[in-house]
Amino acid sequence: MADLTQIHQALVEDYRESFQVAAGKLLAQPSWTLEATVVLMHLNSGEVTIGPVQNLPLWLEHLPPELDVFVRLQEQGVPFEEAYAQCLAEQGQEFVAACEAAKRSKPLVTHDNLAELTALSQKGFARQPRELLALAQWSDHVSGFLVSCEPFR
């Protein structure tokens, strides 16, 4: 299997026209704001969404914020039962309701992930040449990466 960088490069080529449009929009923006342009490739359908980074929470199904602490604990290696018990003790019924909601919708990202993607957009905007945030949404995960706007001028 190809590494992720090669997969991302192939996606940029596959969606080249969308990247040309998005890069033009991003290059026209005088400074980074939440209006900064981003590309979201829906790989299951082949569709593309181009718009402002502020719309990421609308485009990507995400975990309720009450689960962010639980996810962080799990990423730190805290056993499931221990992390669940801690969050239940701290948040009570709100945590249980958030768990039930997550089971129904099967979100792909957390609020922390959304913040990281927003920060990546800002980082790419500040680079020379400017870089566009691209997101690839598969059925089971989302990956974000930066694409230079230079080839699309």
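Caption draft 1: Molecular detail of the packing of aromatic side chains. Taken as a whole, this structure holds five aromatic pairs when the rule is applied. Here F70 and F80 contribute two aromatic rings whose centre-to-centre distance is 5.4 Å and whose plane-to-plane angle is 90°, an arrangement assigned as edge-to-face. With F70 in helix α4 (residues 68–75) and F80 in helix α5 (residues 80–91), this residue pair connects regions lying 10 residues apart in the sequence. Here F80 falls in the partly exposed class, since its relative accessible area comes to 44%. Taken together, a centroid distance of 5.0 Å and an interplanar angle of 65° make the contact between Y84 and F95 edge-to-face. In this pair, Y84 is assigned in helix α5 and F95 in helix α6 (residues 93–105), connecting sequence segments 11 residues apart. According to the relative accessible area criterion, F95 is buried, its value standing at 0%.

Caption draft 2: How the structure looks around the pattern of salt bridges. Evaluation of the coordinates by the stated rule reveals three salt bridges. Note that R16 and E13 form a salt bridge whose closest N and O atoms lie 3.4 Å from each other.

Caption draft 3: A look at α5. Its 12 residues place the ends of α5 16 Å apart at the C-alpha level, agreeing with the 16 Å of an ideal helix rising 1.5 Å per residue. One or two positions beyond α5, positive phi appears at G92, with a value near 65°.

Caption draft 4: Local environment of helix α1 (residues 4–14). Every buried residue of α1 is accounted for by H8, L11 and V12. Projected onto a plane normal to the axis of α1, the buried residues spread over an arc of 100° and lie on a single side. Exposed and oriented more than 90 degrees from the buried face of α1 are Q9 and D14. Its buried side turned inward, α1 meets α2 (16–28), β1 (37–42), β3 (131–137) and β4 (142–148).

Caption draft 5: View of the side chain of E131. Its place among the elements puts E131 in strand β3. With a relative accessible area of 16%, E131 lands in the buried category. Setting aside chain neighbours within four positions, we find E131 in contact with L26, G124, F125, L146, V147, S148 and C149.

Analysis parameters
Residue numbers restart at each chain and count upward from 1, following the sequence in its written direction. Totals for whole chains, interfaces and linings use all residues, but because this is a predicted model, local features are given only for residues with pLDDT of at least 70 and pairs of side-chain atoms are given and counted only at 80 or more. With hydrogens and water set aside, each side-chain value is computed from the structure's full complement of heavy atoms. Put simply, two rings from Phe, Tyr or Trp (the six-membered ring, in Trp's case) pair if the centres are within 6.5 Å, and we call them stacked under 30 degrees between planes, edge-to-face over 60, tilted for the rest. A run of DSSP states H or I qualifies as a helix once it reaches four residues; a run of E qualifies as a strand once it reaches two. Both are numbered from the N-terminal end. Exposure is judged per residue with a 1.4 Å probe applied to protein chains only, and the accessible area is read against the type maximum: over 50% gives exposed, under 20% gives buried, and values in between give partly exposed. Salt bridge criterion: a side-chain nitrogen from Lys or Arg within 4 Å of a carboxyl oxygen from Asp or Glu. One less than the residue count of a helix, multiplied by 1.5 Å, gives the span that helix is expected to have. Here, the arc refers to the directions that run from the helix axis to the C-beta atoms. Contact definition: two residues touch when any of their heavy atoms are within 4.5 Å.

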